[in-house]
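Structure assessment
Okay, here's what each chain looks like letter by letter:
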Amino acid sequence: MNQPNMDWDASYQREAPPPWSIGQPQPELAALIEQGKVRSDVLDSGCGHAALSLALAARGYTVVGLDASATAIEAAAASAAAQGLTTATFATADVTNFRGYDGRFATILDSGLFHALPPEKRHDYLESIFLAAAPGAALYILAFAAGALGNEGDRPGPRGFTETELHEAVSSLWRVDDLRPAKVYGNADAVADSPLANAEYDDEGHFIVPGFLLSAHKPA
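Residues numbered from 1 in each chain as written. Predicted model: local features only at pLDDT ≥ 70, side-chain atom pairs only at ≥ 80, totals over all residues. Heavy atoms only, no water.

Remarks on the environment of Leu-196
Put simply, the test is: Helix and strand assignments follow DSSP, with helices taken as H or I runs no shorter than four residues and strands as E runs no shorter than two, numbered in order from the N terminus. Any residue under 20% of the maximum accessible area for its type is buried, any over 50% is exposed, and the rest in between are partly exposed; the area is computed with a 1.4 Å probe on protein chains only.
Note on placement: Leu-196 falls in the loop between strand S6 (175-187) and strand S7 (200-201). You can call Leu-196 buried: its relative accessible area is 6%. A C-alpha to C-alpha distance of 32 Å links Leu-196 and Phe-90, two positions 106 residues apart in sequence.

In structure tokens:
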């Protein structure tokens, strides 16, 4: 159920936002900001429409958003300019193989990207962000739990991870500090025609499915 041939740019060219674009940071990551666990400079990896980057910049953080979709990056940059947010910059990039930021970032945030990568690209991605991280940098990954979107084969979308799979994948390079159950929010309108069997729904237009929040760091 991973999406190796997904046309990510096409997802952002439609009139309606894609399921993962909720117009605000994922609540699990917003809580990290409130708790003071995010330090500049920040990499928003797979930023999409960049609600997370924009929220960080509004608080004075220096943040770089990278995404494979040129359409998403253009929209993110336009939103930052419209809001007068000068500490957020954006670039189109293959997040599994990017360079130019060696040792820069004190915090790397992954808001639902890792679970969407083809399995054969995941280690390349971890290496790329490891290179971009400063010694001691924090990494936070919010990902679907296995089966969050339904039984495998029932519908398109990422399969997600078991707790063991996620820990083993990330710990190949990073030092994992914590891994706990979490909730991942999505845009309910985008799945209105095919409701999710394992989802809750709130009164603000979101579906909510099981996930994990992994916290790790780059050894000094």
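Moving on from the coordinates now.
Thoughts on unusual backbone geometry
Cis geometry is found at the peptide bond from Ser-40 to Asp-41, where omega equals -10°. Residues other than glycine seldom take positive phi values, yet Ala-50 does so here, at roughly 70°. Within the secondary structure layout, Ala-50 lies in the loop between strand S1 (42-45) and helix H3 (51-58). Accessibility expressed as a relative area gives 2% for Ala-50, which makes it buried.

Some thoughts on the packing of aromatic side chains
As a reminder, the rule being used: Each Phe, Tyr or Trp ring, with Trp reduced to its six-membered ring, pairs with another whose centre is within 6.5 Å; inter-plane angles below 30 degrees give stacked pairs, above 60 give edge-to-face pairs, and intermediate values give tilted ones. Geometrically, a lysine NZ or arginine CZ counts as sitting over a ring once it is within 6 Å of the ring centre and also within 35 degrees of the ring normal.
A full pass over the atoms with the stated rule returns six aromatic pairs. On the numbers, 6.0 Å between centres and 75° between planes, the contact of Tyr-12 with Trp-20 is edge-to-face. Seen in terms of ring centroids, Phe-98 and Tyr-101 are 6.2 Å apart; in terms of plane orientation they differ by 65°. Their pairing is edge-to-face. A relative accessible area of 6% means that Phe-98 is categorised as buried. Among the aromatic side chains, those forming a connected cluster through ring pairs are Phe-98, Tyr-101 and Phe-105. Residue placement shows Arg-122 over the ring face of Phe-114; its charged tip is 6.0 Å from the ring centre.

So, the nonpolar core
Considering soluble globular proteins, one finds that nonpolar side chains tend to be buried as a cluster. Inclusion rule: For the purposes of this section, nonpolar cores are sets of buried Ala, Val, Leu, Ile, Met, Phe, Trp, Tyr and Cys residues that join through side-chain atoms within 4.5 Å.
Among the nonpolar cores identified, the biggest contains 34 residues, and Val-38, Val-42, Leu-56, Phe-90, Leu-196 and Val-209 are the most heavily contacted of them. Among the nonpolar cores identified, the runner-up in size contains 31 residues, and Ile-108, Leu-117, Ala-137 and Val-176 belong to it.

Structural notes on the side chain of Thr-107
Where we set the bar: We call two N or O atoms a polar contact when they sit within 3.5 Å, provided that within protein one can donate a hydrogen and the other can accept it, with sequence-adjacent residues counted only if both atoms are side-chain atoms. Note on contacts: a residue pair qualifies if any of its non-hydrogen atoms lie within 4.5 Å across the two residues.
As for its position among the elements, Thr-107 is in strand S4 (residues 105-111). Engagement of the side chain of Thr-107 in a polar contact is seen with the backbone oxygen of Arg-39, the distance being 2.8 Å. With residues up to four places along the chain from it excluded, the contact list for Thr-107 reads Lys-37, Val-38, Arg-39, Asp-41, Val-42, Leu-43, Ala-138 and Tyr-140.

A word on the pairing of S1
Just so we agree on the cut-off: Handedness of a crossover is defined as follows: orient the strands so they point away from the viewer, and if the path from the first strand over the helix to the second runs clockwise, the crossover is right-handed. Strand pairing is defined by DSSP finding a minimum of two bridges between the two strands.
Residues Val-42 and Asp-44 point to one face of S1 and Leu-43 and Ser-45 to the other, with burial holding for every one of them. As a crossover connection, the stretch from S1 through H3 into strand S2 (residues 63-67) is right-handed. Bridge analysis of S1 against S4 gives four bridges, and the strand direction is parallel. Counterpart to Val-42 in the pairing with S4 is Thr-107.

Thoughts on helix H5 (residues 119-132)
How we decide: A helix is expected to span 1.5 Å multiplied by its residue count minus one. Arc definition: it is the arc formed by the directions from the helix axis to the C-beta atoms.
With 14 residues, H5 ought to run about 20 Å at 1.5 Å a step, and its terminal C-alpha atoms sit 21 Å apart, in line with that. Listing the buried residues of H5 in full gives Arg-122, Tyr-125, Leu-126, Ser-128, Ile-129 and Ala-132. Down the axis of H5, the buried set is contained in an arc of 165°. They therefore lie on one face. In this fold, the buried residues of H5 make contact with S1, S4, strand S5 (133-144) and helix H6 (163-170).

It is worth stressing that arrangement in space is one thing and function is another; only the former is reported here.
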